[in-house]
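# Results of the structural survey
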Amino acid sequence: MNRQDFFRQRLLTLGTLIARESPLAVSEKGGSPVEIVAVTKAASEEDVLALAPIGMALAENRWEQLVSRQRLVREAGFAPPFHFIGALQRRSTRDKGVPVSLVGTVDRPEILPVLDQLALSRGVVQNILIEVDLTGIPGRSGVSRENLPFLLSALSGTRALHLKGILVMGVPPSPTGDLSETREIFRQGREIFDWLLGQWPGITTLSMGMSGDFLEAVRSGSTQVRLGTILFQEGDIR
């Protein structure tokens, strides 16, 4: 089995598992109600090229590598959507950033003009997610629940940014593997998403869940999971 066949089978298995666990309705087209995004920041170029024809979104956390991999797949004749999921710094975003399918880590008003100007200069609308921090861990990126309305107010003054939803991250499991704290964070994330639907009609994306906690996120109503290790590793999915 080559790597592309491996990924297709892996995604089929993951999609079936997610569809079984998700409370979201399956679309008329069938399949999983939750989008799987491939986190390719640690993947080889060979694996990126194997994923590119599948058409799923590929997520990178550094602008330099994202641009390099856009070029890699484009030269191979493919154009998968790319997401940026790294920390947004004003200087690096201004100097090295490019419009992408989705910027998933908007967390403060100061970054909005940079993204807005970048999109305006390229004549595009930039889709974004607001990253909300519900962990209370010092140094974590993300806007607090209390400050979210202020960030939304600042976003309403931009011209080329389009809010698609929010991104929420859990916390590492306890030494015993307990994910109860993350489950509570994801519950609150869904609560905020539902509130935001009433304030900002048209949002569609609640991005919660990574390789170690994606099922907890799916059960909480996540509409998008970002998977790295569990997508690329060999062996059975547990």
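Computed from a predicted model, the values in this text were never measured in an experiment.

### Some thoughts on the layout of surface pockets
By volume, the largest pocket is sized at about 290 Å³. Taken together, 17 residues make up the lining of the largest pocket; nearest its centre are Ile85, Gly86, Thr105, Glu131 and Met169. Looking at the lining of the largest pocket residue by residue, the class counts come to 6 nonpolar, 5 polar and 6 charged. One number sums up the size of the second largest pocket: a volume of about 200 Å³. As for the second largest pocket, its lining consists of Leu11, Leu12, Gly15, Thr16, Ser32, Val34, Glu35 and Ile36. Broken down by element, the residue count for the lining of the second largest pocket peaks at 4 residues, all from helix H1 (residues 3-21). Partitioning the lining of the second largest pocket into residue classes produces 4 nonpolar, 3 polar and 1 charged.

### What to know about H1
Here H1 contains 19 residues, and its C-alpha end-to-end distance of 27 Å stays within 8% of the 27 Å for a straight helix at 1.5 Å per residue. Those residues of H1 that sit buried are Phe6, Phe7, Arg10, Leu11, Leu14, Gly15, Leu17 and Ile18. Buried residues along H1 cover an arc of 165° about the axis, so they all sit on one side. Summarising the geometry of H1, the exposed residues directed more than 90 degrees from the buried face are Leu12 and Arg20. Summarising the contacts, the buried residues of H1 are in contact with strand S1 (35-39), helix H2 (45-51), helix H8 (214-219), strand S8 (224-227) and helix H9 (229-232). Where H1 starts, the residue carrying a side-chain oxygen 3.2 Å from the main-chain nitrogen of Gln4 turns out to be Asn2.

### Description of empty space enclosed by the protein
In total, this model carries 1 cavity of 30 Å³ or more according to the counting rule given. By volume, the largest cavity amounts to about 40 Å³. Among the residues making up the lining of the largest cavity, the classes are represented as 2 nonpolar, 1 polar and 3 charged.

### Section: the pairing of S1
Here S1 lies mainly inside the structure; 4 of its 5 residues are buried. Two elements, S1 and S8, share 4 bridges in a ladder whose sense is parallel. Opposite Ala38, over in S8, you have Leu227 as the bridge partner. Relative to strand S2 (residues 58-60), S1 is paired through 2 bridges, and the arrangement is parallel. Across the sheet, the residue bridging to Val39 is Ala59, located in S2. Crossover handedness for the path S1 to H2 to S2: right-handed.

### Quick notes on helix H6 (residues 148-155)
Within the span of H6, buried status applies to Leu148, Leu151, Leu152 and Leu155. Buried residues along H6 cover an arc of 100° about the axis, so they all sit on one side. Lining the buried residues of H6 we find strand S4 (102-106), helix H5 (112-122), strand S5 (126-132), strand S6 (161-168) and helix H7 (180-199).

### Topic: the nonpolar core
Counting 62 residues, the largest nonpolar core has Ile130, Val132, Ile166, Phe214 and Leu231 as its most contacted members. A per-element tally of this core places H1 first, with 6 residues. If we skip the residues at most four places from it in the chain, Leu231 touches Phe6, Phe7, Arg10, Leu11, Leu14, Ala38 and Met56.

Conventions adopted
Residues numbered from 1 in each chain as written. Predicted model: local features only at pLDDT ≥ 70, side-chain atom pairs only at ≥ 80, totals over all residues. Heavy atoms only, no water. 1 Å grid on protein atoms, 1.4 Å probe; cavity = no way out; pocket = protein on both sides within 12 Å on 5 of 7 lines; lining within 4 Å. Points joined across faces, edges and corners; volume = space filled by probe spheres on them. Nonpolar A, V, L, I, M, F, W, Y, C, P; charged D, E, K, R; others polar. Helix = DSSP H or I, 4+ residues; strand = E, 2+ residues; numbered from the N terminus. Expected span 1.5 Å × (residues − 1). Buried < 20%, exposed > 50% of the residue type's maximum accessible area, 1.4 Å probe, protein only. Arc of directions from axis to C-beta. Contact = heavy atoms within 4.5 Å. Polar contact = N/O pair within 3.5 Å; in protein donor to acceptor, adjacent residues only side chain to side chain. Pairing = 2+ DSSP bridges. Right-handed = clockwise from strand over helix to strand, strands pointing away. Core = buried A, V, L, I, M, F, W, Y, C linked by side-chain atoms within 4.5 Å.

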